[in-house]
Amino acid sequence: MANINTAIKAEARDLNFFYSNGARALKGISMPLYENKITALIGPSGCGKSTFLRCFNRMHDLYPGNKYEGQIVMYPDNTNVLDAGVDPIEVRMRISMVFQKPNPFPKSIYENVAYGLRVRGENNKRIMDDKVEEALKGAALWNEVKDRLHDLAFNLSGGQQQRLCIARALATDPEIMLFDEPTSALDPIATANIEELMVELRSKLTILVVTHNMQQAARVSDYTAYMYLGELIEYDDTDRIFTNPGRKETEDYITGKFG
Amino acid sequence: MEHKASVIENLAEVRAMIKRHKRNDTLFAVIGLCALMLGLITLMLLFWQLIADGYPKFTIDFLTEFPSRRAGQAGLLSAWVGSFLVMSVTFLTAVPVGVAAGLYLEEYAPKNWFTDLIEINVSNLAGVPSIIYGLLALGLFVYILDLGQSILTAGLTLGLLILPIVIVSTREAIRAIPVSIREAAYGVGATKWQVVYDHVFKYSYGGILTGVIIGMARALGETAPIITIGALTFIAFLPPSPITAEPPFLNFEWLSSGFTVMPIQMFNWLSRPDHAFHINAAATGALIIIVTLLMNGTAIWLRYKIRKNIKW
């Protein structure tokens, strides 16, 4: 694999995941996330890519009975985020998430972005104002909303709402940002905006994105992992995966023979 | 050509079939409307009857006079003040307890057979006849805790009575909040309490409030449990005022005072042979219904106002 001079930000090591009904959704997954790179997870529906993504910020902890085995180690501190001794809240403070459907809170635009800061106990108005502005600029939304920061977030269009959710995830300076099919509910123009934004964000943080759309993976990502039935079939440079995949299954999926 | 003819014939058949099937639509709409009107018109007639009978007593005096042996002078003062004070106790006890219980069951409690059992019991409690609550209260509040036949006892009894309604409506309001909103809040690193306080409670309080008001409206008209714990039927005094001129400005003696409430006063007047008292009873009944309607109207208006900004 290329890019030896790129640092690893996080790494899954022999990760297994079981839902509360006993179903084994992930089977021994090991792969790195390179720092300041975009890694895409592709594969057919039900292959476990969202399940894998949601392990990174311990989202599965919200529902009783789910079980992780193995590790997801974050660098440089070598913390295994799946360790029972690590508080999932600490993990979510370092790794933020953007969901499939835009899910702003029924609050003002400002309050949506500021919420992560409030959760961290910030209540200095000046600092908050600055951070909100910075996050909205980072999410390429500032110019559209700067005159109506106290309007309800629901009054924004779908694409704007999703960028607001990105701003909300960005305001707390996360190390890694997870995107779970972030454009599946958006039209092509809004999708292009989000994709462009992800590429820009790469300089600030590490991105892991689940996508059902292979063209999207090819357009935005540096690395791509192909998953099938809970297994990692192939992981490589995005260019290699799409031009010269090492495994027949990957090729079949990429070329549309299967999936 | 032959083919074309069969298509047209077929189309006529399809149209006839649709027409036949649509007749059932109309039929059901008519039956449904009749069923609806049957209930509604009966209620309207009853209400109208009360207003017509009680009309002569729709005066300010009726609200500012104590009950009297003379029907013409008798008023509702002690009854509506009693109702108001009892409802205050009910509100202050049932709402915090019910909302906290609902939030706990929905957000914190583990899902197992024990919480299932509690859930079934809470739903069943809502259907227990109110006189049973009265008997329970007589044993618990009056005899064991020795609270007397007081406003406090009545308020606590009605509080117990509407507790299941508050719990169930709290849980329903909470359940209406989509999972995606919770996940968004947890996703930025919120603790459970932050999610509950900043989001779950704030987005559901419209629904909770609706349930509370509907519960209070029910408590307002309850008679049986209040009679069971021994409310008086004729009082010509008011409980001590809760607010006083000297520090500490608050007085809790009213809690242990004897009392009556509007439905009991109505029942008392209705059971007298003198027909003149029946006018008073009708006026009281109309007043209870009007207050109840106002409360329910407020609930609907509040829900509309609060839900307006929330789209899911």
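Keep in mind that this is a model prediction, so the values were computed, not measured.

The rules behind these values
- Residues numbered from 1 in each chain as written.
- Chains lettered and ligands numbered in written order.
- Predicted model: local features only at pLDDT ≥ 70, side-chain atom pairs only at ≥ 80, totals over all residues.
- Heavy atoms only, no water.
- Helix = DSSP H or I, 4+ residues; strand = E, 2+ residues; numbered from the N terminus.
- Rg over C-alpha atoms; globule rule 2.2 N^0.38 Å.
- Buried < 20%, exposed > 50% of the residue type's maximum accessible area, 1.4 Å probe, protein only.
- Contact = heavy atoms within 4.5 Å.
- UniProt positions renumbered as here; feature names shortened; annotations may be inferred.
- Buried area = accessible area lost by both parts, 1.4 Å probe.
- Salt bridge = Lys/Arg side-chain N within 4 Å of Asp/Glu carboxyl O.
- Polar contact = N/O pair within 3.5 Å; in protein donor to acceptor, adjacent residues only side chain to side chain.
- Nonpolar A, V, L, I, M, F, W, Y, C, P; charged D, E, K, R; others polar.
- 1 Å grid on protein atoms, 1.4 Å probe; cavity = no way out; pocket = protein on both sides within 12 Å on 5 of 7 lines; lining within 4 Å.
- Points joined across faces, edges and corners; volume = space filled by probe spheres on them.

**Observations concerning the overall build of chain A**
Then, number 1: Helix and strand counts for chain A stand at 10 helices and 10 strands.
Then, number 2: What you see for chain A is a C-alpha radius of gyration of 18 Å, in line with the 18 Å of a compact globule of 259 residues.
Then, number 3: Taken along the three principal axes of its C-alpha coordinates, chain A extends 55 × 40 × 40 Å.
Then, number 4: With 259 residues in all, chain A has 56% of them scored as buried.
Then, number 5: Contacts in chain A between residues at least 24 apart in sequence constitute 67% of all its contacts with a sequence separation of at least 6.

**Section: the UniProt feature "domain: ABC transporter" (unreviewed entry) in chain A**
Then, number 1: The UniProt feature table records "domain: ABC transporter" (unreviewed entry) at residues 10–254 of chain A.
Then, number 2: Structurally, residues 10–254 of chain A comprises 37% helix and 25% strand, and the distance from its first C-alpha atom to its last is 26 Å.

**Some points on the interface of chain A and chain B**
Then, number 1: Counting residues at the interface gives 23 residues for chain A, matched by 22 residues for chain B.
Then, number 2: With both sides pooled, the region where chain A packs onto chain B buries about 1900 Å², and carbon together with sulfur makes up 63% of that total.
Then, number 3: Taken as a group, A:P106, A:Y115 and A:F154 account for 26% of the area that chain A buries against chain B, more than any other trio of residues on that side.
Then, number 4: Remark: the boundary between chain A and chain B carries 1 salt bridge.
Then, number 5: Across the pair A:R54 and B:E183 runs a salt bridge whose closest N-O atoms are separated by 2.6 Å.
Then, number 6: Counting across the interface, chain A meets chain B through 8 residue pairs in polar contact (both at pLDDT 80 or more).
Then, number 7: Contributions of two or more residues to the side of chain A that touches chain B are made by α2 (88–94), β6 (95–98) and α3 (109–119) of chain A.
Then, number 8: Its residues placed into classes, the side of chain A that touches chain B shows 14 nonpolar, 4 polar and 5 charged.

**Description of empty space enclosed by the protein**
Residues and elements named next belong to chain B.
Then, number 1: Throughout the structure, instances matching the rule amount to 3 cavities of 30 Å³ or more.
Then, number 2: In this model, the largest cavity occupies a volume close to 60 Å³.
Then, number 3: Along its surface, the largest cavity is lined by L105, A109, P110, K111, T115, D116, E119 and R171.
Then, number 4: Broken down by element, the residue count for the lining of the largest cavity peaks at 3 residues, all from helix α4 (residues 113–125).
Then, number 5: Taken together, the residues that form the lining of the largest cavity break down as 3 nonpolar, 1 polar and 4 charged.
Then, number 6: Of the voids in this model, the second largest cavity is the one considered here, and its volume is about 50 Å³.
Then, number 7: Lining the second largest cavity we find S83, V86, M87, L158, A219, L220, E222, I226, V261 and P263.
Then, number 8: Here the lining of the second largest cavity takes 3 residues from helix α3 (residues 77–108), the largest share from any one element.
Then, number 9: Here the lining of the second largest cavity is built from residues that sort into 8 nonpolar, 1 polar and 1 charged.

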